[in-house]
Amino acid sequence: MQPELSAAISLRLAAPLLFAAGAAALIVETTWMRWFALLFGATAPAAAAALVAFFAGHAAGAALAARWIPRTRRPLAAYGALQIGAGLGALAVVPLLQVGEAATVALYADLLEFPGALTSWRLALALLATLPAALCVGAAFPAIGAAALAGPRQLGSAGSALYGFDLLGAAGGTALAAFWLPAWIGVNGSYGVGVALLAAVGGTALALQRPVRALPSAAPPRPAQAARSDTPLLLLATFSGFGALATQVLLVRAFDQILNGSVVAFGAVLVTVFTALALGAAFVALLERTRRVDPRSLLGASLAAAALGLAAFPAALHAASDGLAGVAGGGGWAAYAAAALRTVVVSSGLPLLAVAVAFPALFAAAGRRAAEPPADGGAGAPLGRLLAANTLGAIAGALVAPFVLLPAAGLWGAFLTLALAYGLAALWVPPARLRARLWLGAGLAAGGITIALAAPPLSSPLARVARGEVVLFQETSAAGVVSVVERGGERRIRTDNHYVLGGTEERVHEERQGHLPLLVHPTARRVAFLGTATGITAGAATLHPVSEIHLVEIVPGVIDAARGYFGQANRGVYDDPRARIVRDDARNFLRTTRSRFDAIVADLFVPWRARTASLYAREHFEAARRRLEPDGLFWQWLPLYQLEEAEFRIIAATFLDVFPRAGVFRGDFYGRYPIAALAGWAGEPAPARAVSDAAERLAAAGATDRWVTDRDGIWSLYVGPLAHAPGLARAPRNTDARPRIEFLAARSYAGGTSGALDAFVGPRWALFADRLRSSSAGGLDPLYPGLSAAARRVSEGGALLQRAGAYWAAGRAEEAASALALASERLPRSLVADAPADPTAAELWWDAP
């Protein structure tokens, strides 16, 4: 037996380098995912294309390292050069993406005609942009393994420990990218931190490098024999990567059913996953130091435990979340993050740890099989081969789980299928002794029978159904879980169990959101609706003289649900000959389409959801303006009940920068749950008389919502010119580089817990709207200088009715009654005095006796 190679760096010095490198890599790769979502779209296929692209780079880097690292006498210097190369490659990603974006714009219309072509194109662009950096990152770990490990026999003890430090750094980088850095210093600043860390790690490694003593007498093994001996380990490494990534994808989708989808919630899940993987590696490292457990037995046991844990997960999640109730922190965003972490750990901690043990156990198995050091340079070659196989498996898991398992088996069925795969893998691994294999098989059988009897995964509901609700439709895909539920004859669409996209109960209110912008721009012919949900809002366009209705929806299941279960409520808009259905991300559609529109109507986008807040960014508003005709209108609805006043002002100020001619309209007079719209014109607004005439035509077309069919009454929904709003010049702006809304809204909403959100509703919204209207009184309105005295009086009545709703919601009944009486004096009698109560306009007509 030959002596082991000498290490070029001690484990004590290698560990902090790996921790810092893991953090840097995750900061950089998290930023890549953000950029890919912005440039290529936030659809599930686009996200998968980006993920596969840089995983492919990692796998190629690890495979190249397996061949190249054994030939170098300075593996630590190679590691340093690779980290610096990763930093330089990361700097090249931005210009490469810009080139790719220009090409996408040129080809977008043609690519949409062919299924899968757009996804393939995005995959190619992501691969091209990230390949240099990803290659270096993938090759780096085998390089430092060769430098820090005296030989392959240390793979189990020291190698697993190094892998654990790398993963622990990844958890730290994820936490920084999800919770702090972009909110503090912006996306570009965060990226700079990641690149600087890569360079610092590389420079430190170069400063510490020293050559490894060569073993000239060693004879290299024949390649064919090496390949045959490696095959079982490489197959298991491939399955381990497949299972780990498939588990992660399925867990993210499962936790979407109880978390709010914010960057805080997503970060909590990923931090838990990386921490579990690090703990699994540490556990293997500790066991290997004792040499008392055979790695084959450990691998079989971990695969079996993962099988049972994944099969039991649906029941565990139900128990941990009180039947898929939403997680609530009860004390701000930090408390929400802690509550999310707690729920994730309690429900998935054990299966995650079992999954995490499998790959490091292969390190140990590879080390035990090396009776003496090979002559190919030590630990670098086996590490590179194992990592390459593992990453290739991860690519398969990232594709199969969302695009095969979820659609074919549903969410819980996907967990069960993955559990069965882990069980078969556990039985395939040959334990050290026959008795161990028998015990393993018996344990799997007993555990499986227990789960089947006590907590069968397929019997766990996928949606939380209230008493009296019936699930009519449910579809699981990579984009989420879409359900149609009915109660008392009213239907609504829910995504991911808790987010309601609308329903027939709110049909009048939702149609008003489509009518109002098309009345304000009465000559619009080509219209785009960004986010269609039930289709009720877009269906309102069928009553207007439009020639094209573009329906842009990111979740395919929502389109199927709206078409199949809301056809009557949405006036059959999905089958209307004027409809053009676009199954893509709204932001990406506007950035890449060559079509131009007279009006673009944007839905009520949830501000705190990760990536959704980019629809309130300046870059998106600029893309919308570029897609407008010279007299076009961009109409952005805002859910005031989901925004704090500071967040509203940020969005409004950003909007005003792009649309200097902008106005504010209200969608209702609610006190608790009001909505408002920012209307931006590329040219001059239509004359007030034309808007009133259009309201009369809408009444003749069969619409019955009196707030948009009365020629004067429509002005009760007009608030005033946005430019007159005080304090907007000092408000921060929301941009891609500084995504303030995504982080501010996620923190202020804090999971939607009672009292956590100081929403811009009630008297504060009413006061703001009243001041905005008053600022343009007396014919000083730059948007509607020709507004008649009667229309101005109705606008004042609308402000008073808003105030009445606000006072009622605040429990100030007498003030509400007084404001309602004043509103009745100023509004046409056909709207209030001689009309029935209208709960679609204000909840005071719901609540009042």
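Residues numbered from 1 in each chain as written. Predicted model: local features only at pLDDT ≥ 70, side-chain atom pairs only at ≥ 80, totals over all residues. Heavy atoms only, no water.

Participant: In this structure, what is going on with the packing of helix α5 (residues 155-208) against helix α7 (residues 263-290)? I would like to understand it.
Facilitator: Each pair of packed helices can be described by the angle between their axes along with the distance between the axes. Contact geometry for α5 and α7: axes closest at 8 Å, N-to-C directions at 165°. Comparing the axis directions of α5 and α7 gives the class roughly antiparallel. Viewed along their axes, α5 and α7 form a crossing whose handedness is left-handed. (Axes fitted to C-alpha atoms, helices over the stretch in contact; angles between N-to-C directions. Helix = DSSP H or I, 4+ residues; strand = E, 2+ residues; numbered from the N terminus. Parallel < 35°, antiparallel > 145°, perpendicular 65-115°, else oblique. Left-handed = near helix turned anticlockwise from the far one by under 90°.)

Participant: How should the pairing of strand β1 (residues 470-477) be read in this particular structure?
Facilitator: It is a general feature of regular strands that their side chains alternate between the two faces of the sheet. Pairing of β1 with strand β2 (residues 480-487), which is carried by seven bridges, proceeds in the antiparallel orientation. Bridged to V471 within β2 is V485. Here β1 folds back onto β2 in antiparallel fashion, the turn holding two residues. (Pairing = 2+ DSSP bridges.)

Participant: In this structure, what is going on with the packing of helix α2 (residues 44-68) against helix α10 (residues 380-428)? I would like to understand it.
Facilitator: Here α2 crosses α10 at 165°, and the two axes come no closer than 7 Å. With respect to each other, α2 and α10 are oriented roughly antiparallel. In this structure, the crossing between α2 and α10 has a hand that is left-handed. Tallied by class, residues from the contact of α2 with α10 come to 20 nonpolar, four polar and one charged. (Nonpolar A, V, L, I, M, F, W, Y, C, P; charged D, E, K, R; others polar.)

Participant: Got a minute to help me understand helix α11 (residues 434-454) in this structure?
Facilitator: Because each turn of an α-helix spans 3.6 residues, side chains separated by three or four positions end up pointing in the same direction. Here α11 spans 30 Å end to end across 21 residues, near enough to the 30 Å set by a 1.5 Å rise per residue. Along α11, the residues that are buried comprise L440, L444, G447 and I451. Burial along α11 is one-sided: seen end-on, the buried residues are contained in an arc of 75°. Structural note: α11 exposes L434, R435, L438, W439, I449 and L453 on the side pointing more than 90 degrees away from its buried face. Buried-residue contacts for α11 involve α8 (295-320) and α10. (Expected span 1.5 Å × (residues − 1). Buried < 20%, exposed > 50% of the residue type's maximum accessible area, 1.4 Å probe, protein only. Arc of directions from axis to C-beta. Contact = heavy atoms within 4.5 Å.)

Participant: Just to check I follow, could you spell out the environment of R666 for this structure?
Facilitator: Tracing the backbone shows R666 in strand β10 (residues 662-666). Given a relative accessible area of 1%, R666 falls into the buried group. Other than its neighbours up to four places away in sequence, R666 contacts L516, W637, I675, A676, S716, L717, Y718, V719, A769, G798, A799 and Q802. Here the side chain of R666 touches S716 through a polar contact of 2.8 Å, landing on its backbone oxygen. A distance of 2.8 Å separates polar atoms of two side chains, one belonging to R666 and the other to Q802. (Polar contact = N/O pair within 3.5 Å; in protein donor to acceptor, adjacent residues only side chain to side chain.)

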